[in-house]
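# Architecture at a glance
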2 protein chains.
Amino acid sequence: MDGLSKKVYMELALPTKEDAVSSQERILRALRSEFGQVRIPCRILRILYPLCEQAEWKLTATLAFNGQEWEITKLEAGDASGRHYGVCADLGSTTVIVQLVNCNTGEILSQESVYNEQIAFGTDILSRIFYAKDNAEHLEEIRLATIRSFQKAFRAIQEKTGVAPEDYAAMTIAGNMTMMHFLIGMDAFCIFSAPYAVRADRPDFLRAEELGFPFAGYVYCYPAKANYVGGDIISGMIATGLPDKEEIGVFLDVGTNGELVVGNRDFLICGAGAAGPALEGGSVKTGMTAVAGAVQYVKLDGQEFILDVIGGDEPRGICGSGIVDLTAELFLHGWVDIRGRLVPEASDKIRTVEGEYAVEYAPGLYFYQSDLDEFLRTKAAAGTMVEYMMNLIGVPMDAIGEFMIAGAFGTHINKESAVMIGMYPDMERERLILPGNTSLKGAYEMLLHRENLKRVDRIIEQMEYVQFGEVEQFIHLMDGARALPHTDIERYPSVKKRLKELGTWK
Amino acid sequence: MDGLSKKVYMELALPTKEDAVSSQERILRALRSEFGQVRIPCRILRILYPLCEQAEWKLTATLAFNGQEWEITKLEAGDASGRHYGVCADLGSTTVIVQLVNCNTGEILSQESVYNEQIAFGTDILSRIFYAKDNAEHLEEIRLATIRSFQKAFRAIQEKTGVAPEDYAAMTIAGNMTMMHFLIGMDAFCIFSAPYAVRADRPDFLRAEELGFPFAGYVYCYPAKANYVGGDIISGMIATGLPDKEEIGVFLDVGTNGELVVGNRDFLICGAGAAGPALEGGSVKTGMTAVAGAVQYVKLDGQEFILDVIGGDEPRGICGSGIVDLTAELFLHGWVDIRGRLVPEASDKIRTVEGEYAVEYAPGLYFYQSDLDEFLRTKAAAGTMVEYMMNLIGVPMDAIGEFMIAGAFGTHINKESAVMIGMYPDMERERLILPGNTSLKGAYEMLLHRENLKRVDRIIEQMEYVQFGEVEQFIHLMDGARALPHTDIERYPSVKKRLKELGTWK
């Protein structure tokens, strides 16, 4: 591993009259050939004595890279090189996920997922932004809530592994632009208001102590490309390796928003749209995140729903992958038509509830027409972003090597269902990739492979940002994409075939 | 000035839709061509908004160099580039001298000299070292006393100039090895005990806050060459320019110890000896530092002493330059013989006091035979160091371009008297240089000229250290040097001539 930190065990020659260099130099000269001129801060200078003598000059130095040079952040007696820990994190607006990593082996020792305590100031990002807007105290509350979320994860990790935050040698964080602003303590209103010039988009290496983290060293914060294409997406690029591949890849991250990158080693185009919440179950009335009680898979057997509920409990709601499945099954069996409308004649499970059609997918749990509308709008937006970009670069869909849907949503999705409703293009299934939480994975990769710093620079430089909001053609494209699976069914031969088999296709 | 800090006034373009880069990048791109990739810490990122907007993007950045890169340590609205302050300091074991400098012009705005509060733990360095030895609490007391001394000087400077420490953009400190150890908070016993391997001899740039100074940015601490050739001497090299000259120069710093450098742009040899205290009046019974009441110049007119007392008051004691004068006058008029013994027949002012001869140089103030012995031992040590080194390099004394005696002692000394007693060689008087406090001057030069960093590296690398204690020949040489002006009077033709004129020479 050649990451952002190192633990180097040194057995140094004891000082003698002939070799009476300073403790500082004795250590530095052992490190110089590999690490250049290493910085030793006051804190470490102060403990050189009696530590070095007591340890008989058998020492372990923790080195942290700060973007420019290495700094000794810890000095221990004896061989402590095996205890080399780092943390990587995905700072999401809802969830903060932290992994404790053995930085010598890359092994993930623990993963903790905690709610982002910013939620106390609004479940959606905009509420939080307005709460903090031009109010330094409120901004500080949100910053501290962010830090508390991390601390909570750190504590949980410590309870499980015994590794305290003081032992972290390095940390990497990926998150969107707003999350990074709040983490640092910067007003984030700028992200969403003209002229859309943010405070900082390349935090890179910040001192952990200054951020509020309880360890010596540096925190690498992934830089952003644009206001809606944040560090989480750049991290995703590192995680998936899309920018290094020969074949053109599509990377769609569906989280709170939808972000898209299309490209390969020769070009990278990115864009973003409000494509997210519905896909995560956010704007579906009985929607919920993928926790115990959430319906995650759905089959329609005649008139009966066969449900797979997380934790095996009674269903309490439905999560993203369940919604995809449900929509696909309803469509496949003719309970929803190609225009995305519930067909009440298809089942008595579809009835009028609170003034609109709804299907009772579990006892007392309804999926409404308005939920479906919202969901299809979202999937249309995501699909249209992809289509628009492919048109832009003049490349047909079948030239795509890999089509990736990242995000917590993406990891559990049923590929066939997703193709059925037109979320995915109808292509070879092995090229439909579910890379999972690529924001977290990219943070992990950065922690362990310093060379990724150069790749990030290149990605940021190479990437072109397309503002979909300004594209006239976009609305027109989206209209076609709202149908199931698409107005142009010929793009979905496997779906057409399946519908015909079931007799749904007339 | 191209020093360790910069204040850069920038009138930046206001963000527009077409130019919507981040505040961070807006600032960085204005600095990149001159300063490379500048680091912006959390603290500054947090104040970008609303500062930048309120200032309408007319901003002044304070940049501090940390040895590797520039960091923005302060950001102010409007043009504050004129308020560019730095401090340089000579950290002496007795006195801490701090200068406030206008870093744009080099003007010294204020100079404060305070007692080093370490004195509370011992007037001599060794007492302090033993006090702190293997006792972390005592060491911390001494460290804090050091910081308090600086703070006292800072306060005095603020009272006189209105410039607060928070406004310092950079600081440089020169001091000997022990002072640097105490400043940082490192046990200093190592300096004087085998195997003489110290804790740290190249502190270089340390974060001001970590040291305990109340400003953001870095403190440059001059590195040392050897245990007794500390940062104050390296600073002296920068101040005098000796290592860049074609002619061979001799640099003798007489403070608490005596340090010597001989060399030019081709070679540098250094050494040190316990040559100091007596020259500063330290081991003379009525000796005192050069403050009000100290006899600083002496003439002998027949049987009467004509004294110049600092402040014009009644004499309370005698300082270094007074002792040199007194010794020279006594010798010149035959009151002291060539072997350095008081001649009671010469005057009834020489009488037996407390069991030894003593001369009453002022009413009730005596200069004892034992004082004279100690003083001559010291001058012999200093003189012998020079002689030994000249022998070592095989260069005659008359090949010396400049003979410099630095230190507080050196600034006020009467050159003729110093030659008379053999402290200086008998060479052209304009080549006898009194460069003053070169430790402070070198700190000043470093503050204003960053290129000196490279010069320091070169000096440290080039310098050869000679351990006088191990030289057998040394004792023999010193014997000769204890005479007035020297056993070999032929080396002092001008002294011989003067003695003959006065009839003292028989």
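Before reading further, recall that the structure is shown in the block above.
Residues numbered from 1 in each chain as written. Chains lettered and ligands numbered in written order. Predicted model: local features only at pLDDT ≥ 70, side-chain atom pairs only at ≥ 80, totals over all residues. Heavy atoms only, no water.

## So, the overall build of chain A
Threshold: Secondary structure elements are taken from DSSP: a helix is a run of H or I of four residues or more, a strand is a run of E of two residues or more, and numbering for both begins at the N terminus. We compute the radius of gyration over the C-alpha atoms and compare it with the globule rule, which gives 2.2 Å times the number of residues raised to the power 0.38. For every residue, the accessible area (1.4 Å probe, protein chains only) is compared with the maximum for its type, and the residue is labelled buried under 20%, exposed over 50%, or partly exposed between those bounds. Residues count as neighbours in contact if any of their non-hydrogen atoms are within 4.5 Å of one another. Here the accessible surface of atoms and residues is derived via Shrake-Rupley with a 1.4 Å probe, and residues count as covered only by protein chains that are part of the display. The positive count covers Lys and Arg only, the negative count covers Asp and Glu only, and His and the chain ends enter neither. Lysine's charge is taken at NZ, arginine's at CZ, aspartate's at CG and glutamate's at CD.
Broken down by element type, chain A carries 16 helices and 21 strands. A globule of 506 residues ought to have a C-alpha radius of gyration of about 23 Å, and chain A, at 26 Å, matches this closely. Judged by the C-alpha coordinates and their principal axes, chain A covers about 95 × 50 × 45 Å. Across the 506 residues in chain A, those meeting the buried criterion constitute 61%. Considering only contacts in chain A between residues 6 or more positions apart, those separated by 24 or more positions represent 63%. Total accessible area computed for chain A in this model is approximately 19,300 Å², and 50% of it derives from carbon and sulfur atoms. Treating the 49 positive side-chain charges of chain A as one cloud and the 71 negative ones as another, the clouds have centres 2 Å apart.

## Thoughts on the side chain of A:S149
Residue and element names in this part refer to chain A. Following the sequence through the fold, S149 ends up in helix α5 (residues 136–161). Assessed through its relative accessible area of 0%, S149 is described here as buried. Those residues in contact with S149 that lie beyond four places of it in its chain are V96, V114, Y115, N116 and E117.

## Some thoughts on the sheet that holds strand β20 (residues 432–436) of chain B
Whenever strands of a sheet pair, they do so through backbone hydrogen bonds, lying parallel or antiparallel. All names here are of chain B. Note the threshold: Strand pairing requires that DSSP identify at least two bridges connecting the strands. To get an axis, a line is fitted to the C-alpha atoms, and for a helix only the part in contact is used. The angle between two axes follows their N-to-C directions and goes from 0 to 180 degrees.
Read across the sheet, 6 strands follow the order β20-β19-β10-β11-β12-β21 without closing on themselves; strand pairing throughout is mixed. Only two strands of the sheet have a single neighbouring strand rather than two, namely β20 and β21 (463–466). Across the sheet, the axes of successive neighbouring strands diverge by a mean angle of 20°, strand direction being ignored. Note that strand β10 (residues 248–254) and strand β19 (residues 400–406) share 6 bridges and pair parallel.

## A word on the environment of A:V198
Take A:V198: it is sitting in the loop between α6 (177–184) and β8 (204–207). Here the alpha-carbon distance between A:V198 and A:I248, two residues 50 residues apart in the chain, equals 31 Å. Not counting residues up to four positions away in its chain, the partners in contact with A:V198 are A:M177, A:H181, A:C190, A:I191, A:N227, B:S22 and B:S23.

## Looking at the sheet that holds strand β14 (residues 304–309) of chain A
Residues and elements named next belong to chain A. Spatially, β14-β13-β15 is the arrangement adopted by the 3 strands of the open sheet, whose pairing is mixed. Edge positions in the sheet fall to β14 and β15 (317–318), since each has one partner strand and no second. Across 2 bridges, the pairing between strand β13 (residues 294–301) and β15 is parallel. Bridge pairing links V295 to I318 in β15. Sitting on the sheet, helix α9 (residues 320–332) touches β13, β14 and β15, and the angle it makes with β13 is about 15°.

## So, the interface of chain A and chain B
In plain terms, the rule: A side-chain nitrogen of Lys or Arg and a carboxyl oxygen of Asp or Glu constitute a salt bridge if their distance falls within 4 Å. For this scheme, ten residues count as nonpolar: Ala, Val, Leu, Ile, Met, Phe, Trp, Tyr, Cys and Pro. Four count as charged, namely Asp, Glu, Lys and Arg, and the remainder, Gly too, count as polar.
If you look at the interface, chain A gives 44 residues, while chain B gives 44 residues. Between chain A and chain B we count 3 salt bridges in total. Across the pair B:E53 and A:R199 runs a salt bridge, and its minimum N-O distance is 3.2 Å. Breaking the side of chain A that touches chain B down by element, the ones donating at least two residues are α1 (23–35), α2 (42–45), α3 (48–54), β8 and α7 (208–211) of chain A. Its residues placed into classes, the side of chain A that touches chain B shows 21 nonpolar, 8 polar and 15 charged.

## Some points on the packing of helix α8 (residues 231–240) of chain B against helix α13 (residues 438–448) of chain B
Residue and element names in this part refer to chain B. Filter applied, for reference: Under this scheme an angle from 65 to 115 degrees is roughly perpendicular, one under 35 degrees roughly parallel, and one over 145 degrees roughly antiparallel; angles in between are oblique. Two helices crossing with the near one rotated counterclockwise from the far one by less than a right angle form a left-handed crossing, whereas a clockwise rotation gives a right-handed crossing.
Closest axis-to-axis distance for the α8/α13 pair is 7 Å, and the angle between their directions is 70°. Here α8 is positioned roughly perpendicular relative to α13, judged by the angle of their axes. Considering the relative orientation of α8 and α13, their crossing is left-handed. When α8 is examined against α13, the residues D232, S235, G236, I238, A239 and T240 are found in contact with a partner set consisting of T438, S439, K441, G442, A443 and E445. Residues belonging to the contact of α8 with α13 are distributed by class as follows: 3 nonpolar, 6 polar and 3 charged.

## Things to note about the relation of the copies chain A and chain B
Formally: For the least-squares superposition of copies, only C-alpha atoms count, and only for residues with pLDDT at least 70 in both.
Once chain A has been moved 0.0 Å along the axis and rotated by 180°, it coincides with chain B to within an RMSD of 0.1 Å. Here the copies are linked by what is in effect a two-fold axis. Relative to the rotation axis, the C-alpha of A:Q68 is the closest in chain A, positioned 3.8 Å from it. Most of the interface of chain A is mirrored in chain B, where 100% of its interface residues are also at the interface.

## Examining unusual backbone geometry
Following A:Y49, the chain continues into A:P50 via a peptide bond in cis, with omega recorded as 5°. Considering the arrangement of structural elements, one finds A:P50 in helix α3. With omega at -15°, the peptide bond leading from A:L484 into A:P485 counts as cis. At B:E56, a residue that is not glycine, the phi angle is positive and equals roughly 50°. By the secondary structure assignment, B:E56 is in the loop between α3 (48–54) and β2 (58–65). The residue B:D204 is not glycine, and still its phi comes out positive at about 50°. Tracing the sequence through the fold places B:D204 in strand β8 (residues 204–207).

## Re empty space enclosed by the protein
Residues and elements named next belong to chain B. Selection criterion: Only protein atoms enter the 1 Å grid, on which a cavity is a set of points fitting a 1.4 Å probe that cannot get out and a pocket is an open set with protein on both sides within 12 Å along at least 5 of 7 lines, lining residues being those with an atom within 4 Å of a point. Grid points are joined across faces, edges and corners, and a volume is the space filled by probe spheres set on the points.
Per the counting criterion, the structure on display carries 4 cavities of 30 Å³ or more. When its volume is computed, the largest cavity comes out at roughly 90 Å³. Taken together, I125, N176, M177, T178, F192, N227, Y228, V229, G230, N257 and E259 form the lining of the largest cavity. Among the residues forming the lining of the largest cavity, the class breakdown is 5 nonpolar, 5 polar and 1 charged.

## Description of the pattern of salt bridges
Across all of its chains, the model carries 71 salt bridges over all chains by this definition. A salt bridge links A:R429 to A:D426, with the shortest nitrogen-to-oxygen separation between them at 3.2 Å. A residue is classified by how much of its surface remains accessible, and A:D426, at 16% relative accessible area, is buried. The salt bridge partner of B:R377 is B:E374, with a shortest N-O separation of 2.8 Å. On the criterion of helical spacing, the pair formed by B:R377 and B:E374 is a turn pair, its members being 3 residues apart in helix α10 (residues 369–393). For B:E374, a relative accessible area of 25% gives the class partly exposed. Overlapping salt bridges bring together A:D2, A:K6 and A:R450 as one network.

## A look at helix α8 (residues 231–240) of chain A
Residues and elements named next belong to chain A. A large share of α8 lies buried, amounting to 9 of its 10 residues. The set of residues buried in α8 consists of G231, D232, I233, I234, S235, G236, M237, I238 and T240. Just past α8, the residue G241 takes up positive phi, approximately 75°.

## A closer look at the environment of A:H138
Residue and element names in this part refer to chain A. With respect to the element layout, H138 can be found in helix α5. Among the residues examined, H138 registers a relative accessible area of 21% and is labelled partly exposed. It is 34 Å that separates the C-alpha atoms of H138 and A294, two residues lying 156 residues apart in sequence. Ignoring any residue separated from it by four or fewer positions in sequence, one finds H138 in contact with Y131 and A132.

## Examining the packing of aromatic side chains
Convention followed: Stacked, edge-to-face and tilted are the three classes for Phe, Tyr and Trp ring pairs, Trp counted by its six-membered ring, which pair at centre distances within 6.5 Å; planes under 30 degrees apart are stacked, over 60 edge-to-face, the rest tilted. Put simply, a charge is over a ring when the Lys NZ or the Arg CZ is close to the ring centre, within 6 Å, and near the line of the ring normal, within 35 degrees.
On inspection of all chains with the given rule, the structure shows 34 aromatic pairs over all chains. Three or more aromatic residues link up through ring pairs in this structure, and these residues are A:F35, A:F65, A:W70, A:F205, A:Y220 and A:Y222. Stacked on the ring of B:Y368, the Lys or Arg B:K285 has its end atom at 4.6 Å from the ring centre.

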